[in-house]
Amino acid sequence: MRKIFNTGSSVTIEEFSSLRINGPYTLLKLGPDFAMIKSGDYMIEASGEDLIVETLSEEVAVFSFASIKAMHVTTEEDRGGKHRA
């Protein structure tokens, strides 16, 4: 299927237990309780309890936890300064 509109990327936290990424991304690391994703110029690190990968397709990823314990968003320019969500 061909894209008609380029809507960019979005990252959504749903009910403090799911992380949903729409748009182009790269899965960097995945563990039993964490996921590291690169989307555009941003690196997103999420950790929590009991990670379940619900969707992992070309432009959609959904990671669910029993609860998200921490989420860090950093830019490629500034890996030292983290934006906490």
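Residues numbered from 1 in each chain as written. Predicted model: local features only at pLDDT ≥ 70, side-chain atom pairs only at ≥ 80, totals over all residues. Heavy atoms only, no water.

Student: Can you walk me through unusual backbone geometry in this structure?
Tutor: Note: most peptide bonds trans; most residues except glycine with negative phi. Even without being glycine, Phe-16 reaches a positive phi, approximately 55°. Residue position: Phe-16 is located in the loop between strand S1 (10-14) and strand S2 (18-22). With relative accessibility at 71%, the residue Phe-16 sits in the exposed group. Unlike most non-glycine residues, Asp-50 shows phi in positive territory, near 55°. Its place among the elements puts Asp-50 in the loop between strand S5 (42-49) and strand S6 (52-56). (Helix = DSSP H or I, 4+ residues; strand = E, 2+ residues; numbered from the N terminus. Buried < 20%, exposed > 50% of the residue type's maximum accessible area, 1.4 Å probe, protein only.)

Student: Explanation requested: the environment of Val-73 in the structure shown.
Tutor: For Val-73, the position within the fold is in strand S8 (residues 67-75). You can call Val-73 buried: its relative accessible area is 18%. It is 6.6 Å that separates the C-alpha atoms of Val-73 and Tyr-42, two residues lying 31 residues apart in sequence.

Student: In this structure, what is going on with the nonpolar core? I would like to understand it.
Tutor: General note: in soluble globular proteins, nonpolar side chains tend to be found buried as a group. By size, the foremost hydrophobic cluster in this structure holds 14 residues, and its most contacted members are Leu-19, Ile-21, Ile-37, Phe-63, Phe-65 and Met-71. For this core, the secondary structure elements donating two or more residues are S2, strand S4 (34-39), S5, strand S7 (60-64) and S8. A per-element tally of this core places S8 first, with three residues. Excluding its chain neighbours within four sequence positions, the residues that come into contact with Ile-21 are Ser-10, Val-11, Ile-37, Glu-59, Val-60, Ala-61 and Phe-63. (Core = buried A, V, L, I, M, F, W, Y, C linked by side-chain atoms within 4.5 Å. Contact = heavy atoms within 4.5 Å.)

Student: Where do I start with the pattern of salt bridges in this structure?
Tutor: A side chain of one charge can pair with a side chain of the opposite charge if their charged atoms are brought near each other. Enumeration over the complete set of coordinates arrives at one salt bridge. One salt bridge in this structure joins Glu-49 and Lys-69, with 3.2 Å as the shortest N-O distance. A residue pair is termed long-range when its members are at least 10 positions apart, and Glu-49 in strand S5 and Lys-69 in strand S8 qualify at 20 residues. For Glu-49, a relative accessible area of 39% translates into the label partly exposed. (Salt bridge = Lys/Arg side-chain N within 4 Å of Asp/Glu carboxyl O.)

Student: How should the sheet that holds S7 be read in this particular structure?
Tutor: Sheet strands pair by backbone hydrogen bonding; their relative direction is either parallel or antiparallel. The strand order across the open sheet built from four strands is S1-S2-S7-S6, with neighbouring strands paired in antiparallel fashion. Lying at the two open borders of the sheet, with one neighbouring strand each, are S1 and S6. Taken pair by pair, the neighbouring strands of this sheet meet at an average axis angle of 10°, ignoring direction. The pairing of S2 with S7 spans five bridges and is classified as antiparallel. Bridging across to S7, Arg-20 finds its partner in Val-62. (Pairing = 2+ DSSP bridges. Axes fitted to C-alpha atoms, helices over the stretch in contact; angles between N-to-C directions.)

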